[in-house]
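Chains, contacts and geometry: an overview
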Amino acid sequence: MEERGASRKRKRARTRRNRGKSEAKQINGFQKEDDSKASAYSKLNTSQRVSKSSTFLEKMRARLSGGHFRMLNEKLYTCTGKEALDYFKEDPQLFDMYHAGYQEQMSHWPELPVNIIIKWLKDHGPSLVVADFGCGDARLAKNVKNKVYSFDLVSNDPSVVACDMSNTPLDSVSVDVAVFCLSLMGTNFSSYLQEAYRVLKPCGWLLIAEVKSRFDPNTGGADPKKFIKAVCELGFSSISKDFSNKMFILLYFKKKEEQNSNRKKDIEWPELKPCLYKRR
Ligand SMILES: C[S@@+](CC[C@H](N)C(=O)[O-])C[C@H]1O[C@@H](n2cnc3c(N)ncnc32)[C@H](O)[C@@H]1O
């Protein structure tokens, strides 16, 4: 009995010694790794050290602002225009944060829809009066000779009027072209199109550029035919559509000359799913 008890004690002591050795090895392993990093870092001169830590900080900053952008973007797609206006009124800096992220996303698009609309306006002449609904940085107004009324939730430029675009200060029947370039974001997007109908002159143009995935029924997007039908019921004729670009679609409508007397009161608008950007 005594012999067996003593052998168990010896075994436990051996196990403890071995465990201790392997922990020491692990710690030494980490220590070695840390030592080699520290020694590599110590070999850098001051400017190399500064640039290494600033690259790290830049990466962290980019990651944080990317996260903020995605959060703000989702917010804009899932609330009404009025809620979005109140949100940015409380903290206008969030709008700059949204636009910095938006510009970053756009820098990966081979072609920008706003440039196609700019070209369209140049082809159709400078006399057309334009309303740019959800103008962003007012790139459209800055690149054409036309008179352009620019609207967005926040104004960082004297030429941009801050408002919810379902309710602009424009007179009824006063503009020739209404533009929505990637801006049908709010859950009440149909009220923006109603506002465009109000301000457009008879035969005035309605140009819509939207993210393609929002109109892809195979991935939960709206049926473009249903959307076009709803816009026509509002009082427009569909003139042409362009689905050739990989990233966005373009729809061209004209306001009917005569107001539709039997205009349907309840138009069935398809739901437009949010366009959520992936983490890069
Ligand atoms: C994706 S950005 C596109 C900006 C610009 N049209 C372009 O193509 O670069 C959409 C813009 O629509 C604006 N927007 C969304 N809902 C709005 C609303 N209810 N009233 C005014 N602007 C709105 C956003 O603030 C944002 O600046």
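Residues numbered from 1 in each chain as written. Predicted model: local features only at pLDDT ≥ 70, side-chain atom pairs only at ≥ 80, totals over all residues.

- The protein is annotated in an unreviewed UniProt entry as Ribosomal RNA-processing protein 8 from Trema orientale.
- The UniProt entry for the protein carries this comment under Sequence similarities (unreviewed entry): "Belongs to the methyltransferase superfamily. RRP8 family."
- Reading the Function (unreviewed entry) entry of the UniProt record for the protein gives the comment "Probable methyltransferase required to silence rDNA." (UniProt positions renumbered as here; feature names shortened; annotations may be inferred.)

1. Notes on the overall build of the protein
- Along its length, the protein carries eight helices and seven strands.
- Here the protein holds 280 residues, and 27% of them are scored as buried.
- Taking all contacts inside the protein whose residues are at least 6 apart in sequence as the whole, residues at least 24 apart take part in 64%. (Helix = DSSP H or I, 4+ residues; strand = E, 2+ residues; numbered from the N terminus. Buried ≥ 20, exposed ≤ 12 C-beta atoms within 10 Å, placed from the backbone. Contact = placed C-beta atoms within 7 Å.)

2. Some thoughts on the sheet that holds strand β1 (residues 130-133)
- In spatial order, the strands read β3-β2-β1-β4-β5-β7-β6; together these seven strands make up an open sheet with mixed pairing. The sheet is open, and its two borders are formed by β3 (160-162) and β6 (236-242), each paired with just one other strand. Neighbour-to-neighbour, the strand axes of the sheet open up by a mean angle of 20°, direction not taken into account.
- For β6 and strand β7 (residues 248-255), the ladder comprises six bridges, and the chain directions are antiparallel. Paired with Ser-237 across the bridge in β7 is Lys-254. (Pairing = 2+ DSSP bridges. Axes fitted to C-alpha atoms, helices over the stretch in contact; angles between N-to-C directions.)

3. Here we look at the site of the ligand
- The environment of the ligand is formed by 19 residues, the closest being Gly-81, Gly-134, Gly-136, Met-165 and Ser-183.
- Among the elements of the structure, α3 (81-90) and β2 (148-152) are those that each provide at least two residues to the shell around the ligand.
- In terms of residue class, the shell around the ligand is made up of eleven nonpolar, five polar and three charged.
- Each of domain 1 (54-106) and domain 2 (111-255) gives at least three residues to the shell around the ligand. (Near = placed C-beta within 6 Å. Nonpolar A, V, L, I, M, F, W, Y, C, P; charged D, E, K, R; others polar. Domains from an automatic or database assignment.)

4. Considering the confidence of the model for the protein
- Across the protein, pLDDT averages 86, with 76% of residues at or above 70.
- Overall, residues 19-34 carries pLDDT values under 50, and its contacts beyond four positions in sequence, including any with other chains, amount to zero contacts. (pLDDT = per-residue confidence, 0-100.)

5. As for the nonpolar core
- Core analysis: the biggest nonpolar cluster contains 56 residues, and Ile-117, Ala-131, Phe-133, Ala-178, Val-179, Ala-196 and Leu-206 have the highest contact counts within it.
- When residues of this core are assigned to domains, at least three fall in each of domain 1 (54-106) and domain 2 (111-255).
- If near-sequence neighbours (up to four positions away) are discounted, Leu-206 is found in contact with Ala-178, Ala-196, Leu-200, Phe-236, Phe-253 and Lys-255. (Core = buried A, V, L, I, M, F, W, Y, C linked by C-beta atoms within 7 Å.)

6. Quick notes on α3
- Among all positions in α3, only Gly-81, Ala-84, Leu-85 and Phe-88 are buried. Seen along its axis, α3 keeps its buried residues to an arc of 100°; they face one direction. (Arc of directions from axis to C-beta.)

7. Regarding the pairing of β7
- The sheet contact formed by strand β5 (residues 200-211) and β7 spans seven bridges and is antiparallel. Within β7, the position partnered with Leu-206 by the bridge is Phe-253.
- Counted between consecutive antiparallel strands, the loop separating β6 from β7 contains five residues.

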